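A look at the structure
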Amino acid sequence: MKPLTKSRFKTALECPNKLFFTSKKEFANNKSDDPFMKALASGGFQVEELARLHYPQGIFIDTENYEYDKAFQLTQEALLLENVVIYEAAFQVDGLFIRTDIIVKNGNNIKLIEVKAKSFNPNDGNIFVGSRGALVSSWKSYLFDLAFQKYVAQKTYPNLKFEAYLLMADKTKKATIDGLNQLFRIPNNGNPRTDIIKRVHSLEEIGSTVLAEINVDDIINDIIANKYKYYENLNFEEAIAIFKKAYQEDVYLNWPIQFSSCKNCEFKTTLQQEQEGLKSGFKHCFSKQLKWSTKEFEKPNAMQIWNFRGKNLMEENRLLMEQLTENDFKFKPEAGRIAPSERQWIQVEKAVNVDTSFHAEKDELKQEMEKWVFPYHFIDFETSTVALPFTAGRKPYEQVAFQFSHHKYNEDGTIEHKSQYINNIAGEFPNFIFARALQSALGNDNGSVFKYATHENSIVNAIIIQLEESNEIDKKELVSFLKTISQSIAKKAEIWEGHRNMIDLCKVVKNYYYNPYTKGSNSIKAVLPASLNSSDFLKMKYSQPIGDINLTSHNFPPHHIWLQMDGDTVINPYKILPPLFDNWTEIEMEANLSDMENIADGGAALTAYAKLQYMDMTTKERLEISQGLLKYCELDTLAMVMIYEHFVHDVINF
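This text gives an overview of the structure that appears in the document. (Residues numbered from 1 in each chain as written. Predicted model: local features only at pLDDT ≥ 70, side-chain atom pairs only at ≥ 80, totals over all residues. Heavy atoms only, no water.)

Some words on empty space enclosed by the protein
- Tallying each qualifying case throughout the model produces 5 cavities of 30 Å³ or more.
- Approximately 80 Å³ is the volume attributed to the largest cavity.
- Looking at the largest cavity, the residues that line it are Cys 15, Asn 17, Lys 18, Phe 21, Ile 257, Ser 261, Cys 262, Cys 265, Gly 281, Phe 282, Cys 285 and Phe 286.
- Elements supplying a minimum of two residues to the lining of the largest cavity: α2 (18-21), α9 (259-263) and α11 (281-289).
- It is α11 that provides the largest number of residues to the lining of the largest cavity, a total of 4 residues.
- Looking at the lining of the largest cavity residue by residue, the classes come out as 8 nonpolar, 3 polar and 1 charged.
- Put simply, the second largest cavity is a space of about 70 Å³.
- Forming the walls of the second largest cavity are 13 residues, and the residues nearest its centre are Phe 144, Tyr 230, Leu 234, Phe 236 and Ala 239.
- Partitioned by chemical class, the residues of the lining of the second largest cavity number 10 nonpolar, 2 polar and 1 charged. (1 Å grid on protein atoms, 1.4 Å probe; cavity = no way out; pocket = protein on both sides within 12 Å on 5 of 7 lines; lining within 4 Å. Points joined across faces, edges and corners; volume = space filled by probe spheres on them. Helix = DSSP H or I, 4+ residues; strand = E, 2+ residues; numbered from the N terminus. Nonpolar A, V, L, I, M, F, W, Y, C, P; charged D, E, K, R; others polar.)

Next comes the structure, spelled out in structure tokens:
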């Protein structure tokens, strides 16, 4: 009989009904199902290997995930030793199964250590339990995961004493050597769990570690003793018993649906998935609990509303947009912009009335745009936070800026993909090179600089701090430039706002524009196709080759056409980005290590950079992935240009 594992326990904590859908191939699951890629992007493998250096000479329980009995038997044999370190020890009892990252046995005492690719500040007295006495929400699932591990381990061996620890990156520690993040490499072949290429074999070789251990046993015991509950109506042991029974007997628990969890449910289906015959867990729940039929599912509902919490709507069975009123949003207009509550209500009205025309505060938008100075510079950054620092003196999870794209819009309407930067060299800390390239791109005029959302400003602030702490010869000049295009973030000792402070085009959208085609999303991935669908100007212009429309490109040929149609609907340009390795031969593909198909969103870009950092691949494959990153980032800044053109030609009619 299949056991309740810790991964299934965590799934059940998110929503007990998910136990019925998980692992069933007939149900769509829109969460990434590749844990290797997730761990790679977060530095999980590297953190785990560094953690093992804290406890060397461990016995590795090397079995497949489904080999529960074998893993448990090998663990039992290892635990016969008086003193032993075990990696991925397995514990199994009463239909429950776990694997632990590291256990350290000294006699009858066992340290149960969970390694996390997360960071913490040891000087923070409220890391896990907030000032009001409740578990900090961002740590809650991790702590319950560890509580489940201790519970199963202790139940398996009641005569041993288990004590729970977390081993994570310490924000206050700095690397003492260069290239720490390159010491653990993903192999060209073999098992990435077991065959990581280690270039060091002791902590002494790296000077000191950036990881730290923290005893959380008291909190874990409090969870098991029900001081802290995940669900108020469910004790810890009761939860385990209910989840185990439901999972093993394949029973749908009919757990009361909740607005926030249902809104983000991964078991929803797209139209394409339904056409492929996949079922929707979301529809299963709503059919059972709210008696929804096809008619209700086809209507717009409250979970599609931007930034809406939907308090009490589940209980009232009043989730369709047509059932809502202004009172549900505490509707309060604001002069000079679209207030958040007004934006929500506009979305509802247009959805209910099947009105696809955009709404705009034209006069206010025009006043905003009249402040902008030609030439316009549209920029986008691609960044990562790596667990293990690149160079000595760097801390874990510092921001790494590895790429930018830059479009320049001239007053005569010509558009240039003016410049770009990418760093694809494994182990090279790129931020200062990035800053110099950005200064070269933007430092020659006083034209307005545009970003989309707040990310770019946060990165510039991070690089300023890194520069100020560095020995770079030109750091004063670079800091001075970076401050001209940014503003200081909250709680910063020094306050500034540059005279060319980046204009947030996403904020402009939120303040002055709503397009029903976005279905409430303000992501550039949604606003771009919405703008294209609403603009005859953009349709006419971008249905032509880019070489014919005063548009240059570093990564696409002059005959490339950005606008493609599916009937009367524009195909999202992000969906037609060229796939990776499209022209590779079968022999070349056999040597393909990265196993990526395309780069069309930020998550894929992050994973691509992680692969460039930690995997040993051929020069040709490295260049192919780099080219994919450049094309994706170029589209991000061109998308901003297109949105601007839509404002000019369709919204305010300059």
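Overview of the nonpolar core
- Residues Tyr 542, Ile 599 and Phe 647 are the most contacted members of the largest nonpolar core, which totals 119 residues.
- Those residues in contact with Tyr 542, other than ones at most four positions away along the chain, are Ile 415, Ile 549, Leu 551, Ile 561, Trp 562, Leu 563, Leu 638, Val 641, Met 642 and Glu 645. (Core = buried A, V, L, I, M, F, W, Y, C linked by side-chain atoms within 4.5 Å. Buried < 20%, exposed > 50% of the residue type's maximum accessible area, 1.4 Å probe, protein only. Contact = heavy atoms within 4.5 Å.)

Observations concerning the packing of aromatic side chains
- Overall, the coordinates contain 47 aromatic pairs when judged by the stated rule.
- Geometrically, the ring pair formed by Tyr 376 and Phe 450 is edge-to-face, given 5.4 Å between the ring centres and 75° between the ring planes. With Tyr 376 in strand β13 (residues 376-385) and Phe 450 in strand β16 (residues 449-451), this pair connects stretches of sequence that are 74 residues apart.
- Members of the aromatic cluster, joined through ring pairs, are Phe 9, Phe 144, Phe 148, Tyr 151, Tyr 230, Tyr 231, Phe 236, Phe 243 and Trp 255. (Phe/Tyr/Trp six-rings, centres within 6.5 Å; stacked < 30°, edge-to-face > 60°.)

Thoughts on the side chain of Asn 522
- Structurally, Asn 522 can be placed in the loop between β18 (513-514) and α20 (524-534).
- On the accessibility criterion, Asn 522 (8% relative accessible area) is buried.
- Sequence-distant contacts of Asn 522, that is, excluding residues within four places in its chain, are made with Trp 306, Arg 343, Tyr 452, Cys 506, Val 509, Lys 510 and Val 527.

Overview of the packing of helix α16 (residues 431-442) against helix α17 (residues 455-468)
- The contact between α16 and α17 brings their axes to 10 Å, and the two run at 115°. Relative to α17, α16 is oriented so that their crossing is left-handed. Contacts between α16 and α17 involve Asn 431, Phe 432, Phe 434 and Ala 435 from the first element and Ile 463, Gln 466 and Leu 467 from the second.
- Its residues assigned to classes, the contact of α16 with α17 comprises 5 nonpolar, 2 polar and no charged. (Axes fitted to C-alpha atoms, helices over the stretch in contact; angles between N-to-C directions. Left-handed = near helix turned anticlockwise from the far one by under 90°.)

A closer look at the pairing of strand β7 (residues 109-120)
- Bridging between strand β6 (residues 102-106) and β7 involves 5 bridges; their strand directions are antiparallel. Residue pairing for β7: Asn 106 is matched across the bridge by Asn 109.
- Adjacent in sequence and paired antiparallel, β6 and β7 are bridged by 2 residues, among which Gly 107 carries a positive phi angle near 65°.
- The pairing of β7 with strand β8 (residues 161-170) spans 9 bridges and is parallel. The residue of β8 that forms the bridge with Ser 119 is Ala 169.
- Regarding topology, helix α6 (residues 137-156) serves as the crossover connection from β7 to the parallel β8, and that connection is right-handed. (Pairing = 2+ DSSP bridges. Right-handed = clockwise from strand over helix to strand, strands pointing away.)

Concerning the sheet that holds strand β4 (residues 90-93)
- With mixed pairing, 3 strands are arranged side by side in an open sheet as β1-β5-β4. Because the sheet does not close on itself, it has two edges, and the strands there are β1 (4-5) and β4.
- Sheet analysis places β1 next to strand β5 (residues 96-99), joined by 2 bridges and oriented parallel. Bridged to Thr 5 within β5 is Phe 97.

Describing helix α1 (residues 6-14)
- Taken together, the buried positions of α1 are occupied by Lys 6, Arg 8, Phe 9, Thr 11, Ala 12 and Leu 13.
- Looking at the buried residues of α1, the elements they touch are β1, α2, β5, β7, α6 and α8 (236-249).

A few points about helix α5 (residues 68-78)
- The complete set of buried residues in α5 reads Ala 71, Phe 72, Thr 75 and Ala 78. Seen along its axis, α5 keeps its buried residues to an arc of 120°; they face one direction.
- Elements that come into contact with the buried residues of α5 comprise β2 (59-60), β3 (83-87), β4, β5 and α6. (Arc of directions from axis to C-beta.)

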